[in-house]
Amino acid sequence: MNHSAQNHIVHGMPGVRPVSDRHAAHNIELLRRKFWIALILTIPVLVYSKDVQELIGFRPPASHWSEYISFFFGTIIFFYGGIFFLNGAVGELKTRQPGMMTLVSIAITVAFVYSALTTFRLVLGKALYWELSTLVTVMLLGHWMEMQAVGKARGALQELARLMPDEAERIKDDTIERISVGDIQKGDLLLVRPGAKVPADGEVVSGESSVNEAMITGESTPVRKSPGSKVIAGTVNGNGSLRVRVTKVGEETMLAGIMRLVAEAQSSRSMAQNLADRAAYWLTIIAISAGVLTLTFWTLSSPPQPFANEPRGTFAIVRAVTVLVIACPHALGLAIPLVIAISTSLAARNGLLIRDRLALEQARNLDVVVFDKTGTLTKGEYGVVAIYHVAGLDENEVLAKAAAVEKDSEHILAQAVVRSAQARNLSIPDAVDFKALPGLGVEAKVGGRTIRVGGLRLLESLGLNIPEELKHSIDQSRRAGQTLVFVLNEDEIQAAIALADVIRNESQEAVRGLKRMGLQVAMMTGDSWDVARWVAEELGIDEYYANLLPEDKAKRIQQIRQEGRRVAMVGDGINDAPALVLANIGIAIGAGTDVTIESGDIILVRNDPRDIIKIIRLSQASYRKMVENLFWATGYNVVAMPLAAGVFANKGIIFSPALGALFMSISTIIVAVNAQLLRRLKLGSLR
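About the criteria used
- Residues numbered from 1 in each chain as written.
- Predicted model: local features only at pLDDT ≥ 70, side-chain atom pairs only at ≥ 80, totals over all residues.
- Heavy atoms only, no water.
- Helix = DSSP H or I, 4+ residues; strand = E, 2+ residues; numbered from the N terminus.
- Expected span 1.5 Å × (residues − 1).
- Buried < 20%, exposed > 50% of the residue type's maximum accessible area, 1.4 Å probe, protein only.
- Arc of directions from axis to C-beta.
- Contact = heavy atoms within 4.5 Å.
- Salt bridge = Lys/Arg side-chain N within 4 Å of Asp/Glu carboxyl O.
- Pairing = 2+ DSSP bridges.
- Axes fitted to C-alpha atoms, helices over the stretch in contact; angles between N-to-C directions.
- Phe/Tyr/Trp six-rings, centres within 6.5 Å; stacked < 30°, edge-to-face > 60°.
- Lys NZ or Arg CZ within 6 Å of the ring centre and 35° of its normal.
- Parallel < 35°, antiparallel > 145°, perpendicular 65-115°, else oblique.
- Left-handed = near helix turned anticlockwise from the far one by under 90°.
- Nonpolar A, V, L, I, M, F, W, Y, C, P; charged D, E, K, R; others polar.
- Patch = residues over 30% accessible without salt bridge, like charges linked within 9 Å, V, L, I, M, F, W, Y side chains within 5 Å.
- Areas by Shrake-Rupley, 256 points an atom, 1.4 Å probe, with all protein chains shown as cover.
- Core = buried A, V, L, I, M, F, W, Y, C linked by side-chain atoms within 4.5 Å.

(A) Representation of helix α19 (residues 468-479) in the model. Relative to the 16 Å expected for 12 residues at 1.5 Å per residue, α19 spans 18 Å between its end C-alpha atoms, a close match to the ideal helical length. Within the sequence span of α19, burial applies to Leu470, Ile474 and Ser477. On an axial view of α19, the arc spanned by its buried residues comes to 55°, and they lie on one face. Residues of α19 that are exposed and point more than 90 degrees away from the buried face comprise Glu468, His472 and Arg479. Elements that come into contact with the buried residues of α19 comprise β12 (378-389), β16 (483-489) and β17 (492-503). Gly481 sits one or two residues past α19 and shows a positive phi near 75°.

(B) Inspection of the pattern of salt bridges at higher detail. All chains considered together, the criterion is met by 26 salt bridges. Put simply, Glu167 and Arg178 hold a salt bridge, and the shortest N to O gap is 3.2 Å. Of the two residues, Glu167 sits in strand β1 (residues 167-172) while Arg178 sits in strand β2 (residues 175-180), which places them 11 residues apart along the sequence. Here Glu167 falls in the partly exposed class, since its relative accessible area comes to 42%. For Asp530, the salt bridge is made with Arg533, and the minimal N-O distance between the two is 3.1 Å. Remark: Arg533 and Asp530 occur in helix α21 (residues 529-539); sequence separation between them is three residues, near one turn of the helix. Residue class for Asp530 comes out partly exposed when judged on its relative accessible area of 31%. For Arg533, a relative accessible area of 32% puts it in the partly exposed group.

(C) Representation of the sheet that holds β17 within the structure. Spatially, β12-β17-β16-β15-β14-β13 is the arrangement adopted by the six strands of the open sheet, whose pairing is antiparallel. Lying at the two open borders of the sheet, with one neighbouring strand each, are β12 and β13 (432-437). Put simply, the sheet's adjacent strands are angled 20° from each other on average, direction ignored. Of the pairings in the sheet, the one linking strand β14 (residues 441-446) to strand β15 (residues 449-454) comprises six bridges and is antiparallel in character.

(D) A look at the packing of aromatic side chains. Scanning the entire structure with this criterion turns up 15 aromatic pairs. On the basis of an interplanar angle of 85° and a centroid distance of 5.0 Å, the ring pair of Trp298 and Phe315 is categorised as edge-to-face. Here Trp298, found in helix α11 (residues 271-300), pairs with Phe315, found in helix α12 (residues 312-326); they are 17 residues apart in sequence, far enough to count as distant. There is no split in this pair, since Trp298 and Phe315 are both buried. Sitting over the ring of Phe315, Arg319 keeps its end group 5.5 Å from the ring centre.

(E) Just the packing of helix α6 (residues 100-119) against α12, in detail. Closest axis-to-axis distance for the α6/α12 pair is 8 Å, and the angle between their directions is 160°. Considered as vectors, α6 and α12 are oriented roughly antiparallel to each other. Note that α6 runs across α12; the crossing there is left-handed. Residues Leu103, Ile106, Ala107, Val110, Ala111 and Tyr114 of α6 pack against Gly313, Thr314, Ile317, Val321, Leu324 and Val325 of α12. Here the residues of the contact of α6 with α12 are counted per class, giving 10 nonpolar, two polar and no charged.

(F) How the structure looks around the pairing of strand β4 (residues 201-206). Bridge count between β4 and strand β9 (residues 242-248): five bridges; the pairing is antiparallel. The partner of Val204 across the bridge, within β9, is Val244. Note: β4 against strand β7 (residues 230-231), two bridges, orientation antiparallel. Bridge pairing in β7 links Gly202 to Val231.

(G) Seen up close, the side chain of Gln494. As for its position among the elements, Gln494 is in strand β17. Ignoring sequence-local partners within four residues, the contact set of Gln494 consists of Tyr388, His389, Val390, Leu393, Val487 and Asn489.

(H) Spotlight on the sheet that holds strand β22 (residues 602-604). Strand order in this open sheet of seven strands is β10-β22-β21-β20-β11-β18-β19, and the pairing throughout is mixed. Of all the strands in the sheet, the pair left with one neighbour each is β10 (352-354) and β19 (543-545). Within the sheet, the average angular offset between the axes of one strand and its neighbour, ignoring direction, is 20°. Here three bridges tie strand β18 (residues 520-524) to β19, and the two strands are oriented parallel to one another. Within β19, the position partnered with Met523 by the bridge is Tyr544. Contacts from α21 reach β18 and β19 within the one sheet, and its direction differs from that of β19 by about 155°.

(I) Seen up close, the environment of Lys651. Residue placement: Lys651 occurs in the loop between α24 (611-645) and α25 (657-676). With 346 residues separating them along the chain, Lys651 and Gln305 place their C-alpha atoms 8.6 Å apart.

(J) Highlighting a nonpolar patch on the surface. On the surface, Val113, Leu117, Phe120 and Leu122 cluster together to form a nonpolar patch covering roughly 360 Å² of accessible area. Relative to the helices and strands, Leu122 is located in the loop between α6 and α7 (129-153).

(K) Spatial organisation of the nonpolar core. Membership of the largest hydrophobic core comes to 54 residues, with the highest contact counts inside it found for Leu514, Ile587, Ile612 and Ile615. Considering every element that reaches this core, the biggest residue donor is α24, with nine residues. If we skip the residues at most four places from it in the chain, Ile615 touches Leu352, Leu360, Ala363, Ile587, Ile602 and Leu604.

Structure below.
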């Protein structure tokens, strides 16, 4: 995708900034270049260092200027490589938030000034150029690796932007013209060829195809599209050709909405992040204090026996510098943001849009999940749930005849009968002489026989009684609040078809999965108690509430919270908005092509209640990674800081500044790698 197209998607939305943009890429390239140059310049410093010469038994060619070679290259390294940390320290101090940059800057500045003074014999001691050079080089390497890791994790917005094609094919006056995606207008008619990406949200006008929406909704199975179907920008067309009328462009598209939510989530705070920030601040204060104490102690004390030959001032400064380097909250600053970036992009790829990071963090502590019924656990549309027929008949044959009569009717129940027959792939026979029976039902001739479909009033008008063999089943359906239509062949009752708001196939699996996780599951609905009881029994839900208005649902959520239970409310984000807001976590399900729902903390792109399990699993996994990273980021200081300060120097156990920087960088690498392991989490598995 070209850069202008990316700008149209990313920079064109208020409040959305690309987290991994050209500026970040420039910083990564700058650090890479600084690291390699510093590494090359460090080689002559090491070669002409007496400590290194004694260690490897090598003597380079000597000259009158040999003693100034380390000073020359060390100075370049300090100003060229160290300026990165010095600038960072200035920024930290301006905001009164001293941190990693401040510590590193103090360490390298003290080391450089002391070394320069010893070089020109202004103080007695040993120069620290090789320690300074290796410290700056290792720190640059650590920062380069950190920025690469963060840039990769936070590249979710750029990945989403790349879903958009560069151009579209617009149909105008029976001709096809190629235009830029940025020039698409509402109402345009677009041609989407087989294998092409959909350039804008819209509605299919003609053509049939299957569209891969996995990159948007997380649904791996291609979705069948036909006239009237909605399509989403960035999805991939299958083998058919589609003509699409544009309904949303630019910031209004679903893709733009997802990008906005991802950006907000990646920049939002979390409790763990606040804890890490406080820990980093106090670690900086402790490190500076420890460095001053270490410098003071060893300045007033002679070096221990294993290091008795070192000048007192040199030994003291080296110890203080090492303490500052070891205590750098480098890994601590990376521990939480990296997990946040990875978990947010992982959620987006699975159709989970996080508006509030705190909500995702709290999901692991839920006690109860409350579902709205209509449109959440059910499809929100009528469908056939049972067919009761007299002995000797086949239910598919009865349904096919009923559909034949009902297919010319626009009544909601008639259409439900037809959809159910089509879903079973039944061959619907032709019907003639269709006639509506006002207030009673419909009739038509099928295969030469008069077939009537209607309710109880139809039976009463004909003076017919319900067959004894059907009475028990019909009574059960009535108690469940289901609607019944009867199928008559001439004047003979052949079957009763029970219709109701169809339960989603995924709902039962979602309820079972949540119960396996130890959570309570409840349901709220505005429907009657009979309907609520039937749905609850079908799904195995023990706690349910019926006949509720939106304000009643909100009160019920308040009551659950007052009982001390942490609750998530799952609804459609419209009539459930008050309850969503009052719950510990509000989850808006079925965002479809509209991701502007403001009442939910988490928005589900798909109408799939099983995604609640994904939220909880992601919450548990990301929190676990945060805790692990905080342990790695701070735990090594407990061991390393005493060694850096020289507590065990009399036993010959001590850290050099370079070794301290290496340890600090290793902890950063461990934190980065551990966070990246979160990518291996399989949210699709419900077991």
